[in-house]
Amino acid sequence: MDTLKVRDAKDVEEVVRAAVASEQPLEVIGHGSKRAIGHPMPTNALLDVSALNAVTSYEPNELIISVQAGAPLADVQSLIDAKNQQFAFEPMDISVLLGTAGAGTIGGMIGAGLAGPRRIKAGGIRDHLLGAHAVSGFGDSFKTGGRVVKNVTGYDLCKLLTGSWGTLAVMTEVTLKVMPKPEAERTLLLRGLDDVTANKAMTAALGSPFDVSGAAHLPGSALRSGGGALAGLAAGQPVTLVRLEGISASAAHRAASLSQTLSSYGTVDSLADDGSAAIWSALRDVVPFAANGALGAWPVWRIVCPPASGGALGQALSRVTGGDVVYDWGGGLIWAAVPPGADAQATLVRSQVEAIGGHATLIRATEDVRRAVDVFQPQAAGLAALGERVRASFDPRSVLNRGRMMRGGAA
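Residues numbered from 1 in each chain as written. Predicted model: local features only at pLDDT ≥ 70, side-chain atom pairs only at ≥ 80, totals over all residues. Heavy atoms only, no water.

1. Observations regarding helix α2 (residues 73–81)
Given 3.6 residues per turn, any residue in an α-helix points the same way as the ones three and four places further on. Taken as a whole, α2 has its buried residues at L73, V76 and I80. In an axial view of α2, the angular spread of the buried residues amounts to 65°, which keeps them on one side of the axis. Buried residues along α2 sit against β4 (55–59), β5 (64–68), β6 (85–86) and α4 (106–112). (Buried < 20%, exposed > 50% of the residue type's maximum accessible area, 1.4 Å probe, protein only. Helix = DSSP H or I, 4+ residues; strand = E, 2+ residues; numbered from the N terminus. Arc of directions from axis to C-beta. Contact = heavy atoms within 4.5 Å.)

2. A closer look at the pattern of salt bridges
A complete count under the given rule lists 17 salt bridges for this structure. For the salt bridge of D269 with R191, the shortest nitrogen-to-oxygen distance reads 2.5 Å. With D269 in strand β14 (residues 268–272) and R191 in strand β11 (residues 184–191), the pair connects residues that are 78 residues apart, well separated along the chain. A relative accessible area of 31% places R191 in the partly exposed class. Residues R371 and E367 are paired through a salt bridge, measuring 2.7 Å at the closest nitrogen-oxygen approach. (Salt bridge = Lys/Arg side-chain N within 4 Å of Asp/Glu carboxyl O.)

3. Comments concerning the pairing of β4
Examined bridge by bridge, β4 and β5 share four bridges and lie antiparallel to one another. Residue pairing in the sheet places E59 in a bridge with I64 of β5. (Pairing = 2+ DSSP bridges.)

4. Some thoughts on the sheet that holds β4
Spatial strand order, β4-β5-β9-β7-β8: five strands in an open sheet with antiparallel pairing. Edge strands, defined here as strands with exactly one partner in the open sheet, are β4 and β8 (141–145). Across the sheet, the mean angle separating the axes of adjacent strands is 15° when strand polarity is ignored. Here β5 runs beside strand β9 (residues 169–177); their pairing, made up of five bridges, is antiparallel. (Axes fitted to C-alpha atoms, helices over the stretch in contact; angles between N-to-C directions.)

5. A short note on the side chain of N401
The residue N401 is located in the segment after α13 (381–394) in this model. From its side chain, N401 meets the backbone nitrogen of V28 in a polar contact 2.8 Å long. With near-sequence residues (within four places) excluded, N401 lies in contact with L26, E27, V28, M41, W165, G166 and T167. (Polar contact = N/O pair within 3.5 Å; in protein donor to acceptor, adjacent residues only side chain to side chain.)

6. Structural notes on the environment of G38
Relative to the helices and strands, G38 is located in the loop between β2 (27–29) and β3 (45–48). According to the relative accessible area criterion, G38 is buried, its value standing at 0%. C-alpha of G38 to C-alpha of G116: the two residues are 78 residues apart in sequence and 20 Å apart in space. With residues near it in sequence (within four places) discarded, G38 still touches R370, V375, F376 and R404.

7. Examining the sheet that holds strand β1 (residues 2–5)
Strands sit in the order β1-β3-β2 across an open sheet of three strands; the sheet is parallel. In this open sheet, the two strands that pair with only one neighbour each are β1 and β2. With direction set aside, neighbouring strand axes in the sheet form an average angle of 25°. Sheet topology places β1 next to β3; four bridges connect them, and they run parallel. From the neighbouring strand, K5 faces β3, where its bridge partner is D48.

8. Comments concerning the nonpolar core
One finds L97, L241, F289, W301, I303 and W335 to be the most contacted residues of the largest nonpolar core, which totals 56 residues. Residues within four places of I303 in sequence aside, it is in contact with L313, L317, G332, L333, I334, A336, V349, V353, H359 and A360. (Core = buried A, V, L, I, M, F, W, Y, C linked by side-chain atoms within 4.5 Å.)

9. Concerning the environment of R7
Along the chain, the position of R7 falls in the loop between β1 and α1 (9–22). Within the structure, the side chain of R7 is placed 2.9 Å from the side chain of D11, a separation counted as a polar contact.

Below is the structure:
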């Protein structure tokens, strides 16, 4: 396979224009940490942007960072951590699930759009992307957004680039908001709740005035392979977790008040600061289903659904597939590991998910399975046609990540 390693945006333009002229599709990669997500792409040419790895501007006092798309995510996080700042949306390290090396690049983080537990409070990645420089499928550079929050005049193309999996344009530089890290955090734990009752407890916590920044539930079966921070967390019992963050006095006071609110569901325990942070990092990266764990060979689905329906959906999925689930976002995000099969049980999973208006993405599966089933949620005809018109307006010849998002299609 030919690898075309670019040095700057001008190189990207030239590579894309050459691909258009020769009708040669390109697979766009940074570190390649997410290559196993999506349909296998019909190409023998890689556009490697990993050399675009500079931090072009960082203004801690303004809470803004501009960085090239190939910059390693781990390096950028270390840089802002030194200033006691963070990406509030908690980008997940997908390498834990996929068994790949490293957390990938900034561009891959935006292209995948996979936010962590704090999304319920802070929003997703697209809410923190202020601006971007990119190269379209025409081979033309364009700029969208800027370096301030209120910068949108016309179409906010940043929203389209987030979660597009590299099918619209090749990002070369992005500007993101950063936020101060909380001074303290507390995690409340409830043990022994079934999925539906846990869903009700998380809903109560999220509906309270105590500014919850994380709400998750792990059934007992999902903890059987949980190592690290999750090991021994509940001695095989289900555990429900609710996080509060802020200045020390506030976090402690809100945790005490919320404990009283949740006491009707059972005994409430708590963890503070480093112990709490380790648990939420493990939840963010779905450590119970890690590639090197007991369920490492099982396909994994990422399901987004109405939060109030999450508990019942998760129970149904476990029953009909024989798999395990982990809940995040107060029940609005379900990670489901299912026993291996020719279609990763796609028919069963999607029938249950679609019945409540959710959508499911196959995050981990073998290449043969990803060729056989729709990795991303099939869309209704009207919405699919609209999406294809948007894609074609960026990349009419479908040279960028052709076929990654739609089986047998351009996008």
